[in-house]
Amino acid sequence: MSDAAIPATGVRAALADFVVLTKPRIISLLLVTTIAPMFVAGRPSWELVLVVFVGGYLMAGGANAVNMYLDRDIDDRMTRTRLRPLPSGRMQPRAVLAFGLLLATAATFLLARFVNVLTAALALGGFYSYVFLYTRWLKRTTPQNIVIGGAAGAFPPLVGWAAATGSLDLMAVYLFLIVFYWTPPHFWALALNKQRDYGRAGVPMAPLVWGEAETKRQMLWYTVILIALTALPWAMGALGFVYLATALVLGGLLLRGVVRVLRAQDYTQPAWSVYKFSLLYLALLFVAMVVDRLISA
C-alpha cells in the first residue's frame, strides 16, 4: 500500500464520523414529515423542495451534533451509544460543537434567504427545542422528557407548510399534533427494551420511573389519541378517503402492536416490533397525504 493511501483513509473515516454526527437515519424520517406537507399545502417547485430538503438536513444534523456534544457523558455509559465519535475518542468535543453550530447557522441563512423568514424561524425553533428543552433539561430530569420534548420532533411539518405557503393554519397544527402524539409510543417501545442502558446513564425514562405496566398503558392511550388525530384532516375536508383509509389501516396495525406489548409477559419482541413499525407508520402516513392530494388534484 502506498503512503498516499493512508491519509486518504483517515479523511474518509473523519468524513464518515461527521456524517454519523448528523444521525442520517433519524433525519430521513424528519425530512419525510417536512417535504410531504409542502405537497399537501400546495404545488411547490422542485427548486424550493431542494432548498428545504438541504436546509432541513443541515438544521436537523446540526441539532443532532450538538445533542451528541451535550450527551457525551451519558453516551459513554450506554452500550448502544459508546461507539459514537465522542465517547469513542475519535473526535474532540469542541470540534463537534462547532460543527453542529455551523450547520445550524448555514441552515438558518439558507432558509431565510431562499425560502422565507418564517420557515427559518420555525426550523431554528425546532433546533433550540431539541438542544435546550429536551437534551439539556427534560431528558435528565423527568420521565415526561419524551412527551414534552416530543414537540421538537414535531416542528418539521410546520417548517414544510410555512415553506410552501408562507404562513401556518389549522391543518399545519394537526400535522404537528400527529407527530407530537406519535412520539411517546414510538420512543417508549424502545425505552422498554433499553432500561438497563438508561439506568446506567441516569436518564429517568418512563419505564424506570413509572414502571413497565404504567408505561404500556400510557403507550395505549397515546396511540388511541393519535389515531383520532389522524382522522381530523379528513373530517375537516383537507384530505380525502384515500388518506383516511390508509390512516385507519396503519393506525389499526399500530394499535394491535401496542396491545400486544400491553398483554405480553415477555414484551421484548413485541416492543421491538412496535418501535420498528412506528417508523414505517409515520412515513407511510405522510406519503398517503401526498398521494391523496395528487389523486384529488
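Basis of the calculations
Residues numbered from 1 in each chain as written. Predicted model: local features only at pLDDT ≥ 70, side-chain atom pairs only at ≥ 80, totals over all residues. Heavy atoms only, no water. Salt bridge = Lys/Arg side-chain N within 4 Å of Asp/Glu carboxyl O. Buried < 20%, exposed > 50% of the residue type's maximum accessible area, 1.4 Å probe, protein only. Helix = DSSP H or I, 4+ residues; strand = E, 2+ residues; numbered from the N terminus. Patch = residues over 30% accessible without salt bridge, like charges linked within 9 Å, V, L, I, M, F, W, Y side chains within 5 Å. Areas by Shrake-Rupley, 256 points an atom, 1.4 Å probe, with all protein chains shown as cover. Axes fitted to C-alpha atoms, helices over the stretch in contact; angles between N-to-C directions. Parallel < 35°, antiparallel > 145°, perpendicular 65-115°, else oblique. Contact = heavy atoms within 4.5 Å. Nonpolar A, V, L, I, M, F, W, Y, C, P; charged D, E, K, R; others polar. Left-handed = near helix turned anticlockwise from the far one by under 90°.

The next thing to look at is the pattern of salt bridges. Within this structure, the stated rule accounts for 7 salt bridges. We note a salt bridge from Arg 84 to Asp 75, for which the minimum N-O separation is 3.1 Å. Judged on exposure class, the residue Arg 84 and its partner Asp 75 are both buried. A salt bridge links Arg 217 to Glu 214; its shortest N-O distance comes to 2.9 Å. In this pair, Arg 217 and Glu 214 both sit in helix α12 (residues 212–235), 3 residues apart, roughly one turn of the helix.

With that settled, consider a nonpolar patch on the surface. A grouping of Val 242, Val 287, Val 291 and Ile 295 is seen on the molecular surface, where their side chains present a nonpolar patch of about 310 Å² in accessible area. For the nonpolar patch, the leading source of residues is helix α14 (residues 268–296), giving 3 residues. Structurally, Val 287 is set in helix α14.

Let us now look at the packing of helix α6 (residues 117–141) against helix α8 (residues 155–165). Where α6 contacts α8, the two axes come as close as 8 Å, and the packing angle between them is 170°. Classified by the angle between their axes, α6 and α8 sit roughly antiparallel to one another. Of the residues in α8, those touching α6 at Leu 118, Thr 119, Leu 122, Ala 123, Gly 125, Gly 126 and Ser 129 are Phe 155, Leu 158, Val 159, Ala 162 and Ala 163. Residues belonging to the contact of α6 with α8 are distributed by class as follows: 8 nonpolar, 4 polar and no charged.

What follows deals with the packing of helix α2 (residues 24–41) against helix α3 (residues 46–70). At a minimum axis distance of 10 Å, the contact between α2 and α3 shows a crossing angle of 145°. Crossing handedness for the pair α2 and α3: right-handed. Packed against α2, whose contacting residues are Pro 24, Ile 27, Leu 30, Leu 31, Thr 34, Ile 35, Met 38 and Phe 39, the element α3 presents Trp 46, Leu 48, Val 49, Val 52, Phe 53, Gly 56, Tyr 57, Ala 60, Gly 61 and Asn 64 at the interface. Class assignment of the residues belonging to the contact of α2 with α3 gives a composition of 14 nonpolar, 4 polar and no charged.

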